[in-house]
Amino acid sequence: MYDALLAETITLAGHDGDAIEAYTARPLTPGPTGGVVVIHHMPGYDRATKEITRRFAAEGYAAVCPNLYSREAPGADPDDAAAAARARGGVPDARLVGDVAGAARYLRGLSSANGRVGTIGYCSGGRQSFLAACSLDLQAAVDCYGAFVAGRPPHDFPVPAEPLLHLTENLSCPLLGLFGAEDQHPSPAETAELEEALTAHRKTYEFHTYDGAGHAFFAVDRLSYRPQTAVEGWGRVLDFFGRHLAG
């Protein structure tokens, strides 16, 4: 089987046509392939997120991760860029939607594209994946422990975030949610509240909450990493995208 990949840093048109940095990876096969927009976690556009992007390419998808902090700190180290973004109040929701829309346009414009695009996000990116799926025409969305879809952040949280439950009726695609039973943001009570809203609006979704796992259980470079849970979670993500993006 031919398994060559192309991975590179590119520039794409994001919100309001702004030129933003992004990292892309795709298999060097003629297609057709589905597309995945990878939305990075609050710590930023880092090496671990780029590894996730390459993993999707190895699994047969064209993937792109926009650098949501391109404007605040172009070319900066991920930690410095994340700090600069936090100091300015984080990524505005409208700008996030515009950047994801630009990433989706990039994926659909590839010669190998089948036109089907999904999103996946981690931490703040999980919330943003849900937001994008309620704002854009997508075929699948994955929320990995996204905080404040339901519920509000504590008063000392570093960036403001409004809950998104009121957007549930606009969800454009099936949703997969992966959560830790020991997480506080989102807590099991908050994920239950989101599930209630999805059920009320007759949306297609599946949620999985893992015992023994807290926030950021996918993060291989953090103490929160839970290998067994992450392996199972990857299996669910790939099965979900295989059903909704492949072909």
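That block above? That's the structure.
(A) Examining the packing of aromatic side chains more closely. Applying the stated criterion across every chain, the model contains 13 aromatic pairs. Ring centres 6.3 Å apart and planes at 35° place the aromatic pair Tyr-145 and Phe-218 in the tilted group. With Tyr-145 in the loop between strand 6 (140–144) and strand 7 (175–180) and Phe-218 in the loop between strand 8 (205–210) and helix 6 (227–244), this residue pair connects regions lying 73 residues apart in the sequence. Grouping residues by exposure puts Tyr-145 and Phe-218 together as buried. Each ring, one from Phe-148 and one from Phe-157, has its centre 4.9 Å from the other, and the planes form 80°; the classification is edge-to-face. Judged by relative accessible area, which is 3%, Phe-148 ranks as buried. Taken together, the ring pairs connect Phe-56, Tyr-61, Tyr-122, Tyr-145, Tyr-210, Phe-217, Phe-218, Trp-234, Phe-240 and Phe-241 into an aromatic cluster. Its guanidinium or amino end placed over the ring of Trp-234, Arg-55 lies 4.2 Å from that ring's centre, counting from NZ or CZ.

(B) Here's a closer look at the sheet that holds strand 6. With mixed pairing, eight strands are arranged side by side in an open sheet as 1-2-4-3-5-6-7-8. Two strands lie at the open edges of the sheet, namely strand 1 (5–13) and strand 8, each paired on one side alone. Neighbour-to-neighbour, the strand axes of this sheet turn through a mean angle of 20°, independent of strand direction. By the bridge criterion, nine bridges tie strand 1 to strand 2 (residues 19–27) in an arrangement that is antiparallel. Bridge pairing in strand 2 links Leu-5 to Pro-27. Where helix 1 (residues 47–58) meets the sheet, it contacts strand 1, strand 2, strand 3 (33–39), strand 4 (62–66) and strand 5 (113–122), and its direction lies at approximately 40° from that of strand 2. Helix 5 (residues 188–200) rests against strand 6, strand 7 and strand 8 of the sheet, and its axis sits at about 165° to strand 8.

Reading guide: rules and limits
Residues numbered from 1 in each chain as written. Predicted model: local features only at pLDDT ≥ 70, side-chain atom pairs only at ≥ 80, totals over all residues. Heavy atoms only, no water. Phe/Tyr/Trp six-rings, centres within 6.5 Å; stacked < 30°, edge-to-face > 60°. Helix = DSSP H or I, 4+ residues; strand = E, 2+ residues; numbered from the N terminus. Buried < 20%, exposed > 50% of the residue type's maximum accessible area, 1.4 Å probe, protein only. Lys NZ or Arg CZ within 6 Å of the ring centre and 35° of its normal. Pairing = 2+ DSSP bridges. Axes fitted to C-alpha atoms, helices over the stretch in contact; angles between N-to-C directions. Contact = heavy atoms within 4.5 Å.

Structural measurements only, silent on function.
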